[in-house]
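Next come the chains, spelled out residue by residue.
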Amino acid sequence: MSAFTKEQKDYQKLVKQKRPKPPMLKNIIAAFAVGGTICAIGQVILNFFVSRGMTPEQAGAPTSIIMIFLGALLTGLGVYDKIGKFAGAGSVVPITGFANSIVSPAMEFKREGYVFGVAAKMFVIAGPVLVYGINSATIIGLIYYLIKL
Amino acid sequence: MSIKKLGSQTIRFENPPSIIGTASIVGPKEGQGQFKDYYDLILSDNIYAESSWEKAEKKILKEAIEIAIKNADLTTPKIDYLIAGDLLNQIISAGFAARELEIPFLGIYGACSTLAEGVTLGSIIVDGGFAENLVAAVSSHFCTAERQFRFPLELGNQRSPTSQWTVTGAGAMVLSSKQQNPRVTLATTGKVIDMGESDSNNMGAAMAPAAIDTIIRHFQDTGKTPDDYDLIVTGDLGSLGKEITEELLKQKGYNISNKYADCGVLIYYPEQDVHAGGSGCACSAVVTCGYIFKEMLKGQYNKVLLIATGALLSTTSSQQGETIPCIAHAISLENL
């Protein structure tokens, strides 16, 4: 339907007015605390690799790998959805959330088989992030390259 | 001219069909709600010893139908029709349950209003003399609905405060030409109403106008007033939809507040963390087949108006930006 009638508009106004608001302050604090904790854990792991002689640039890759592993493990153990329910964006944005967004559909659709279930559905949530993330990274990289010429 | 029709959308059954047996099966979360003593079976887990959620849903639907037939002191060959539906694509729970039951099967889809639709059609068949006994049944399952309509269970996300929790359960009702209470006396078939709500996490607000339309139509067609009922109960509008329905009906001159309830609000305790309440085909079905039916047998309620509501959307229509068309069917259950 394209144009709404007055009756529909009035109704939508009423719904908007009555709709309960999400507990914004609580959500922000929870996101800050949990997101911060996840990043602090990442920092501890990174510092560990640096203390063993890696440069911070070199330590980035193994740190990411460990954080992705932890996110996947907690998803498999059925814990990450509970963290996410509490923390919202605090546990969605870090790389552990990215792992959760790939592992959770892979688990969910295992019953449809390894090809049409796990493999095909694995990227239903993360797919758009990858497509637009990789595209924008390529474009920005190209612009950066041209500016430097 | 139709002799059984009242007004524009209501029918009065000449030989009101009897509800001679019901069954309700629910999942563990529903089994913690206030109606726990009214259900025939409460599952200890959602998978019910099956290898997928879909198989578990089919199993509870089949068992609810079998228990209802047993509770009605009948056997499967005595059932002339099975009218059933659910929320899954191509109503597989109903079709697969029917595969094992060997009862002539009519599959229907009315989203969460399916039970009232089934009871309406079933009552027409019984009143018309086309069947002696038949079963109307529905099911829904939180885990099958989540994966079809929303996200994987293990995804760490937050639910909207207006979102509702799909009831895991199945309800079945045996309608018969026998003369016993409670009866299905009236049925008002709703029109599809769309007030432009497009948020699929706010079904209560989307469906409320359909419920309001059907309730007003029911009163206008039959000449009844809210005072003619002991209980007026909507299917799954949830807390927000219920509030809107009550308020807008009052504005239109129908004050139902002192006898109005919503199955979606009743089925869980507020502290069960279900946001706006329950939803799904099983929501109104298990409350009606469990609590309402059993309280009608006791005489606690004698005249009940059930208005089951359904949102006729799909994930495709939502992704294409369509608003949500909704329906509500009313049935009167009475002890005569």
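Each remark here, short or long, concerns the structure printed above.
Residues numbered from 1 in each chain as written. Chains lettered and ligands numbered in written order. Predicted model: local features only at pLDDT ≥ 70, side-chain atom pairs only at ≥ 80, totals over all residues. Heavy atoms only, no water.

1. A short note on the overall build of chain A
Per the secondary structure count, chain A includes 8 helices and 0 strands. The N-to-C order of helical and strand elements in chain A reads α-α-α-α-α-α-α-α. For chain A, the spread of C-alpha atoms along the three principal axes comes to 70 × 50 × 40 Å. Burial analysis of chain A (149 residues in total) assigns 30% to the buried set. A total accessible area of about 9,900 Å² is found for chain A, and carbon and sulfur atoms account for 74% of it. If the 15 positive side-chain charges of chain A are averaged to one point and the 6 negative ones to another, these points end up 6 Å apart. (Helix = DSSP H or I, 4+ residues; strand = E, 2+ residues; numbered from the N terminus. Buried < 20%, exposed > 50% of the residue type's maximum accessible area, 1.4 Å probe, protein only. Areas by Shrake-Rupley, 256 points an atom, 1.4 Å probe, with all protein chains shown as cover. Lys, Arg positive; Asp, Glu negative; His and termini not counted. Charge placed at Lys NZ, Arg CZ, Asp CG, Glu CD.)

2. What about the nonpolar core?
All names here are of chain B. Of all hydrophobic cores here, the largest spans 52 residues; its most connected members are Val119, Leu175, Val233, Ile267, Ile292 and Val304. At 11 residues, helix 8 (residues 281-298) tops the list of elements feeding residues into this core. Looking at which domains feed residues into this core, each of domain 1 (5-176) and domain 2 (183-334) supplies at least three. Excluding anything up to four places from it in sequence, valine 119 contacts Ala136, Met173, Leu175, Val184 and Ile331. With 36 residues, the next largest nonpolar core counts Ile216, Tyr229, Leu248 and Ile307 among its residues. (Core = buried A, V, L, I, M, F, W, Y, C linked by side-chain atoms within 4.5 Å. Domains from an automatic or database assignment. Contact = heavy atoms within 4.5 Å.)

3. Describing the packing of helix 1 (residues 53-71) of chain B against helix 4 (residues 142-149) of chain B
All names here are of chain B. For the pair helix 1 and helix 4, the least separation of the axes is 8 Å and the interaxial angle reads 135°. Judged by the inter-axis angle, helix 1 sits oblique to helix 4. For helix 1 against helix 4, the interelement crossing comes out left-handed. Between helix 1 and helix 4, the residues in contact are Trp53, Glu54 and Glu57 and Cys143, Thr144 and Arg147, respectively. (Axes fitted to C-alpha atoms, helices over the stretch in contact; angles between N-to-C directions. Parallel < 35°, antiparallel > 145°, perpendicular 65-115°, else oblique. Left-handed = near helix turned anticlockwise from the far one by under 90°.)

4. A closer look at the interface of chain A and chain B
Between chain A and chain B, the residue contacts involve 34 residues of the former and 33 residues of the latter. Summed over both sides, the interface of chain A with chain B buries roughly 2,800 Å², with 55% coming from carbon and sulfur. The interface formed by chain A and chain B contains 7 salt bridges. Linking chain A to chain B there are 16 residue pairs in polar contact (both at pLDDT 80 or more). Within the residue set of the side of chain A that touches chain B, elements represented by two or more residues are helix 1 (6-18), helix 4 (80-87) and helix 6 (95-108) of chain A. For the side of chain A that touches chain B, the element with the highest residue contribution is helix 1 of chain A, accounting for 7 residues. (Buried area = accessible area lost by both parts, 1.4 Å probe. Salt bridge = Lys/Arg side-chain N within 4 Å of Asp/Glu carboxyl O. Polar contact = N/O pair within 3.5 Å; in protein donor to acceptor, adjacent residues only side chain to side chain.)

5. Observations regarding the pattern of salt bridges
This model, assessed by the stated rule, comprises 22 salt bridges over all chains. Lysine 18 of chain A is paired through a salt bridge with glutamate 247 of chain B; the nearest N and O atoms lie 2.7 Å apart. Highlighted residues: lysine 18 of chain A in helix 1 and glutamate 247 of chain B in helix 6 (residues 238-251), drawn from two different chains. Between lysine 62 of chain B and glutamate 66 of chain B there is a salt bridge, and its shortest N-O distance comes to 3.5 Å. Remark: glutamate 66 of chain B and lysine 62 of chain B occur in helix 1; sequence separation between them is 4 residues, near one turn of the helix. On the accessibility criterion, glutamate 66 of chain B (33% relative accessible area) is partly exposed.

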